[in-house]
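Observations on the model geometry
Spelled out from the first residue to the last, the chains are:
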Amino acid sequence: MEASEEETTIMSLGPQEHYPLPDGYAFRTGVPDAATYCRLRKISGLTPRTLCAVQAGLPHTLYGVHVVHGSDIVGMGRMIGDGALFIHVVDIAVDPAHQGHGIGSAIVDAIMRHICSTIPAEIYVSLMANGEAWRLYERFGFSNVFPDARGMAIWIDRP
Ligand SMILES: CC(C)(COP(=O)(O)OP(=O)(O)OC[C@H]1O[C@@H](n2cnc3c(N)ncnc32)[C@H](O)[C@@H]1OP(=O)(O)O)[C@@H](O)C(=O)NCCC(=O)NCCS
């Protein structure tokens, strides 16, 4: 592991502020079905993904949650990785009609608590923060890795 990784993102495993869901909302453990996943990504403005990729990828989720409001699924979040050395937090998304009420914070809170309660030792938790979402992640101890490191990514299409 690069020194820069260790310096910039080792987080405290101590007690953190709790962000519960607002009244009227409830957590369900696990990822939503593929069609709902695609819908939530689309309406929240995240890059649409093909059903084929979604169906292949979702079952490999390490831990996921989604949020229900009545019979509607209005938010989701999940983590991928090996569960001990590296975890990547992805797909934090809330239906725009329900944003701004603390649901996104509650989703990240649930994921961070799960991480803290299950990891065997130190772990590197990363994510890519879109737009202003970094403000949300800062609440949970995430910080910009630049200039110690640069987040890099590539889209690859099946030939
Ligand atoms: C990011 C997202 C999940 C936040 O959900 P939410 O339910 O509105 O989140 P909360 O109400 O718990 O908190 C929002 C906080 O995050 C910050 N934030 C996150 N995204 C923001 C945005 N686009 N504009 C302004 N502030 C934003 C704000 O600081 C806000 O803090 P406040 O409560 O003091 O105003 C939601 O805006 C969303 O789905 N965005 C589109 C998808 C996306 O970008 N996901 C993140 C991928 S990295």
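Residue numbering note: each chain is counted from 1, following its sequence as written. In keeping with the predicted nature of the model, local features appear solely for residues at pLDDT of at least 70, side-chain atom pairs appear and are counted solely at 80 or more, and the whole-chain, interface and lining totals rest on all residues.

1. A short note on the overall build of the chain
Put simply, DSSP H or I for four residues or longer makes a helix, DSSP E for two residues or longer makes a strand, and each gets a number counted from the N terminus. Scanning the chain for helices and strands turns up 5 helices and 5 strands. Written out in order from the N terminus, the α and β elements of the chain read α-β-α-α-β-β-β-α-β-α. All radius of gyration figures rest on C-alpha atoms, and the globule criterion is 2.2 Å times the number of residues raised to 0.38. Taken over the C-alpha trace, the chain has a radius of gyration of 16 Å; the compact-globule value for 159 residues is 15 Å, and the two agree within 12%. Considering only C-alpha atoms, the chain reaches an extent of 45 × 45 × 30 Å along its principal axes. Counting other C-beta atoms within 10 Å of a residue's C-beta gives its exposure: the residue is buried at 20 or more, exposed at 12 or fewer, and partly exposed in between, where C-beta atoms are placed from the backbone. The burial tally for the chain puts 26% of its 159 residues in the buried class. A fraction of 62% describes how many contacts in the chain between residues 6 or more apart in sequence connect residues 24 or more apart. What counts as a contact is two residues whose backbone-derived C-beta atoms lie within 7 Å of each other.

2. Re the site of the ligand
Surrounding the ligand, one finds 21 residues, the nearest of these being Gln99, Gly104, Ser105, Arg135 and Leu136. Those elements giving two or more residues to the shell around the ligand turn out to be strand S4 (86-94), helix H4 (103-118) and helix H5 (134-138). Split by residue class, the shell around the ligand holds 9 nonpolar, 10 polar and 2 charged. For each residue, a C-beta atom is placed from the backbone, and the residue counts as near a molecule or strand when that atom lies within 6 Å of it. Polarity classes work like this: nonpolar for Ala, Val, Leu, Ile, Met, Phe, Trp, Tyr, Cys and Pro, charged for Asp, Glu, Lys and Arg, and polar for all others, with Gly in that last group.

3. Some thoughts on the pairing of strand S2 (residues 63-69)
Within a regular strand, side chains alternate between the sheet's two faces. A large share of S2 lies buried, amounting to 5 of its 7 residues. Pairing of strand S1 (residues 26-29) with S2, which is carried by 4 bridges, proceeds in the antiparallel orientation. When the bridges of S2 are listed, Arg28 appears paired with His66. Two strands pair when backbone bridges link them, and S2 and strand S3 (residues 72-81) are joined in this way by 7 bridges, in the antiparallel orientation. By the bridge assignment for S3, Val67 is matched with Gly75. Pairing between strands is defined by DSSP: at least two bridges between the two strands are required.

4. Comments concerning the nonpolar core
One finds Val89, Ile103, Ile107, Val108, Ile111 and Ile115 to be the most contacted residues of the largest nonpolar core, which totals 30 residues. At the level of secondary structure, the elements contributing two or more residues to this core comprise helix H2 (34-44), S2, S3, S4 and H4. Residues of type Ala, Val, Leu, Ile, Met, Phe, Trp, Tyr and Cys that are buried and joined through C-beta atoms within 7 Å form what is called a nonpolar core.

5. Concerning the confidence of the model for the chain
Predicted coordinates in areas of low pLDDT are best not read in detail. Scored by pLDDT, the chain comes out at a mean of 92, with 91% of its residues at no less than 70. Long-range and interchain partners of residues 6-10, a stretch whose pLDDT sits below 50, account for 11 contacts in this model, where long-range means more than four residues apart. A residue's pLDDT is the confidence the predictor assigns to it, expressed on a 0 to 100 scale.

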